[in-house]
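Architecture and fold: a report
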Amino acid sequence: MQQFSKDNFGIGWRPEIAPGIFIYREHIDFVEVIAEDWYHYKTASKSALATLAANIPVTLHGVSMGLASGERIQQKRIDNIARLYDSIRPLFWSEHLCFTRAGEFEIGHLAAPPRTQQNIGGFIDNIEAVRRTLGADPLLENIATLIEPPGSEMTEGDWTARSLDAANCNLLLDLHNLYANALNRGADPFCSLREMPVERVRAVHLAGGRWIGAGGNQQKLLDDHLHSVPDICYELLEELGALAPQPLFVSIERDGRFPPFLQLLGEIDRARQSLAHGRDRAGAACTPSSLKI
Amino acid sequence: MNIFNLPGPEFLAFYTVLLAVSAAALWFFIRSRESGPAVKLNNISDPYKIAYLTGGAAAACRLALAVLLHRENIKISEKSKCVATDCGRLTITDPLEKKIYEYYSNERDASAAVSSENIRAADHLYELDLTRAGALPAPEQRSFRNTAFFVTAIVLVGILVIKAIVALSRGRTNVGGLFMFTIATPFLLWFVTHPRLTSRGTQLRKHLQQLFSDLRTRAKTNRSVFEGRESAMLGAVFGAQLLSSLQPKFARIFDRINKTPAATSSNSSSSYCSTPGCGSSSSSCGSSGCGGGGGGCGGCGS
């Protein structure tokens, strides 16, 4: 396990913004790399990622394992990320509290599983399988869902807390996902935040989305990573800073429709300020060597 | 078998194989000896350091000139030469840009960007850092390269000399082929034993190009996304000519630079200062903005 003593701010590595990341490296503490973007490369080409990791601290983010599932994850998927993990030794790696396939059928996106005790059992089994191969636990990210998973027995916060407690894993809290889920079910996002196991948060995602029609006059917020981070997410981050004294890794997620890089830097800086305000409000100080991921 | 008793053509064939195998062995030996973990640069934000890595001092100087022209810190005069403007003088903070800018305080050809004075400045700025990072050969590596070169060259040229003596002692005078190989052998061996970059440096260059590869293929459609410094970084990784496809303004600049007198430096993999005659003069410090990424123009216009 690595120990961290301060908040860190970064951005998702996307080739489209590579020059900006290099040029403004001094403003960026780390980059988050999508693991699946590198699986198809041969070993010699994967070493470019090792070069990136040598020059900018890297975290590894998987998007297809589907750990929160009653189905056992295939060993080859664990091996894929294990090989990448070994080659670049990221600060940490992360995946999602979701399922992505049913049998041989690939869903093609991150799907929220029914929030049941049974699914928690499946999740624990998958985490144990990952642990045996990698030796390093992932942070688990809450996902956005346009519908409440049918058959759920718990709230999002309760299920998340129980899952992470049972597996002894920590949380990558995506604040836009939390906000979108709260909005879409008519809840208060700040209440949703407090329901989450904030003591387990180690990393944060900030992203943007857009409103989509959901039948009739209804609209829902879609987390599409193609828009700027809305003000509310910075407010949630500030609140999180007050609630969670441990150092956090905060990254901006942007997958396309990239604005000028200076605008993305502005989002990083605003996140920095928001978290600092939250810290100030709480009077919390980062405890040196207190955070283990 | 005594190789020196081989008839001329057979001996030359044998020697060709021997030379090729020796060169290949030397190449692999030196590359593996200079290999190691991924290079960590002191500062990956400096496009001129990256340009120095990918194309040498001349590439860094040319990129700096292109950026200064783009920012209108230097303009192309009516005499088709480059000259520094007052535009954004105080915003030039990069040391190589400062050097190039000051160099052009007097009107000069664009190709003069790679004068020995500027090359030395670039070497002074970047060579030591890249050497310490392992991208350029360190003194002990250079020493090993020289030893490998001399030992191999002496052995191989010695074989040629002995064969020539044997041939001449037997009354043969057709030793032209031996003579040519005697000249060519040291050149080939030097080329093989003295690549500019170490294998780690070559890996770094390759990896940077791979990390940025999407942008190279999409450069034409991404014109509006990159501001000056980001464009400079792309130019550093792929060569300053890529900037032409990124922004029309760079294309016009390179078009003019390419019409200037030929470059005087050979220390580069890129060469776009080739022919005489710049296009018509360009610019005042105006609407396109001086000091891209570094600040405003501040009262240059008139």
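For the structure itself, look to the data block above.
These lines cover the structure that appears in this document, whether it is placed above or below. (Residues numbered from 1 in each chain as written. Chains lettered and ligands numbered in written order. Predicted model: local features only at pLDDT ≥ 70, side-chain atom pairs only at ≥ 80, totals over all residues. Heavy atoms only, no water.)

When helices and strands are tallied, chain B shows eleven helices and two strands. N-terminal to C-terminal, the α/β element order of chain B is α-α-β-β-α-α-α-α-α-α-α-α-α. Relative to its 302 residues, chain B shows a buried fraction of 50%. For chain B, the computed accessible surface area is about 14,200 Å², with 58% contributed by carbon and sulfur atoms. (Helix = DSSP H or I, 4+ residues; strand = E, 2+ residues; numbered from the N terminus. Buried < 20%, exposed > 50% of the residue type's maximum accessible area, 1.4 Å probe, protein only. Areas by Shrake-Rupley, 256 points an atom, 1.4 Å probe, with all protein chains shown as cover.)

When helices and strands are tallied, chain A shows nine helices and 14 strands. What you see for chain A is a C-alpha radius of gyration of 18 Å, in line with the 19 Å of a compact globule of 293 residues. Its C-alpha atoms give chain A principal-axis dimensions of about 50 × 45 × 40 Å. For chain A, the proportion of its 293 residues judged to be buried stands at 58%. For chain A, the share of sequence-separated contacts (at least 6 apart) that also reach a separation of at least 24 residues comes to 79%. Accessible surface, chain A as shown: approximately 11,600 Å² in total, 50% of it carbon and sulfur. The average position of the 28 basic charges and that of the 37 acidic charges among the side chains of chain A differ by 4 Å. (Rg over C-alpha atoms; globule rule 2.2 N^0.38 Å. Contact = heavy atoms within 4.5 Å. Lys, Arg positive; Asp, Glu negative; His and termini not counted. Charge placed at Lys NZ, Arg CZ, Asp CG, Glu CD.)

Moving on, we get to helix H6 (residues 176–193) of chain B. Residue and element names in this part refer to chain B. Over its 18 residues, H6 extends 26 Å from the first C-alpha to the last, a length consistent with the 26 Å expected when each residue adds 1.5 Å. The largest bend along H6 measures about 30° and falls at alanine 184, with the proline proline 186 one to four residues further on. When we look at burial in H6, the residues that qualify are Leu178, Phe181, Thr185, Leu189, Val192 and Thr193. Against the buried residues of H6 lie helix H1 (8–33) and helix H5 (139–169). (Expected span 1.5 Å × (residues − 1). Bend = angle between axes of the 7 residues up to and from the residue.)

On the side of chain B, 24 residues touch chain A, which itself brings 25 residues to the contact. Taken over both partners, the interface formed by chain A and chain B buries close to 2,200 Å², and the fraction arising from carbon and sulfur atoms is 63%. Among the residues of chain A in contact with chain B, Phe22(A), Ile23(A) and Asn55(A) are the three that bury the most area, contributing 30% of the side total. On inspection of chain A and its partner chain B, the count reaches zero salt bridges. (Buried area = accessible area lost by both parts, 1.4 Å probe. Salt bridge = Lys/Arg side-chain N within 4 Å of Asp/Glu carboxyl O.)

All right, on to the environment of Met1(B) then. Residues and elements named next belong to chain B. Here methionine 1 shows up in the segment before H1. Given the relative accessible area of 82%, methionine 1 is considered exposed. The spacing of methionine 1 and alanine 57 is 56 residues in sequence and 50 Å in space, taken between C-alpha atoms.

A word on a nonpolar patch on the surface. Residue and element names in this part refer to chain B. Taken together, the side chains of Phe179, Met180, Ile183 and Phe187 define a hydrophobic patch exposed on the protein surface, amounting to about 500 Å² of accessible area. The residue methionine 180 is located in helix H6 in this model. Residue classification places methionine 180 among the exposed positions, given a relative accessible area of 59%. (Patch = residues over 30% accessible without salt bridge, like charges linked within 9 Å, V, L, I, M, F, W, Y side chains within 5 Å.)

Moving on, we come to the pattern of salt bridges. All names here are of chain A. For the structure on display, the rule yields 26 salt bridges over all chains. Between aspartate 165 and arginine 200 there is a salt bridge, with the nearest N and O atoms lying 2.8 Å from each other. Taken as a pair, aspartate 165 in helix H5 (residues 156–167) and arginine 200 in the loop between helix H7 (189–195) and strand E10 (201–206) lie far apart in primary sequence, 35 residues in all. By relative accessible area, aspartate 165 is classed as partly exposed at 45%. Each of Lys6, Asp29, Asp269 and Arg272 takes part in salt bridges that share partners, so that together they form one network.

With that settled, consider the sheet that holds strand E4 (residues 58–61) of chain A. Residues and elements named next belong to chain A. Sheet architecture is closed into a barrel: eight strands sit in the order E2-E3-E4-E5-E8-E9-E10-E13, paired in parallel fashion. Between one strand axis and the next, the sheet turns through 30° on average, direction left out of account. Relative to strand E8 (residues 139–141), strand E5 (residues 93–96) runs parallel, the two being bridged by three bridges. Across the sheet, residue glutamate 95 finds its bridge partner in E8, namely leucine 140. Relative to the sheet, helix H8 (residues 231–243) contacts strand E9 (170–174), E10 and strand E13 (249–252), its axis offset from that of E10 by approximately 170°. (Pairing = 2+ DSSP bridges. Axes fitted to C-alpha atoms, helices over the stretch in contact; angles between N-to-C directions.)

A few words on the packing of aromatic side chains. Scanning the model with the defined rule gives 14 aromatic pairs over all chains in all. Taking the centre distance of 5.1 Å and the plane angle of 90° together, the rings of Phe22(A) and Phe212(B) count as edge-to-face. Of this pair, Phe22(A) sits in helix H1 (residues 18–23) while Phe212(B) sits in the loop between helix H7 (199–211) and helix H8 (213–217), each in a different chain. We note that Phe22(A), like Phe212(B), is buried. These aromatic residues form a ring-pair network of at least three members: Phe11(B), Phe14(B), Tyr15(B) and Phe181(B). Over the aromatic face of Phe11(B) sits the side chain of Lys163(B), whose NZ or CZ is 5.4 Å from the ring centroid. (Phe/Tyr/Trp six-rings, centres within 6.5 Å; stacked < 30°, edge-to-face > 60°. Lys NZ or Arg CZ within 6 Å of the ring centre and 35° of its normal.)

Time to look at unusual backbone geometry. With a phi close to 55°, Asn168(A) is a non-glycine residue in the positive phi region. For Asn168(A), the position within the fold is in the loop between H5 and E9.

Take the pairing of E9(A) next. Across the five residues of E9(A), five count as buried, placing the element largely inside the fold. Here E9(A) shows two buried faces, one formed by Asn170(A), Leu172(A) and Asp174(A) and the other by Leu171(A) and Leu173(A).

Our focus in this paragraph is the nonpolar core. Among the nonpolar cores identified, the biggest contains 130 residues, and Ile11(A), Leu52(A), Leu206(A) and Leu240(A) are the most heavily contacted of them. Top element by residues in this core is helix H2 (residues 47–70) of chain B. It accounts for 15 residues. Setting aside residues no more than four positions away along its own chain, Ile11(A) makes contact with Ile17(A), Ile21(A), Ile28(A), Phe30(A), Val31(A), Glu32(A), Ser251(A), Ile252(A), Phe261(A), Leu264(A) and Ile268(A). If you look at the next biggest cluster of nonpolar residues, it comprises 23 residues, including Ala148(B), Ala153(B), Ala164(B) and Leu189(B). (Core = buried A, V, L, I, M, F, W, Y, C linked by side-chain atoms within 4.5 Å.)

Just geometry here; none of it tells us what the structure is for.
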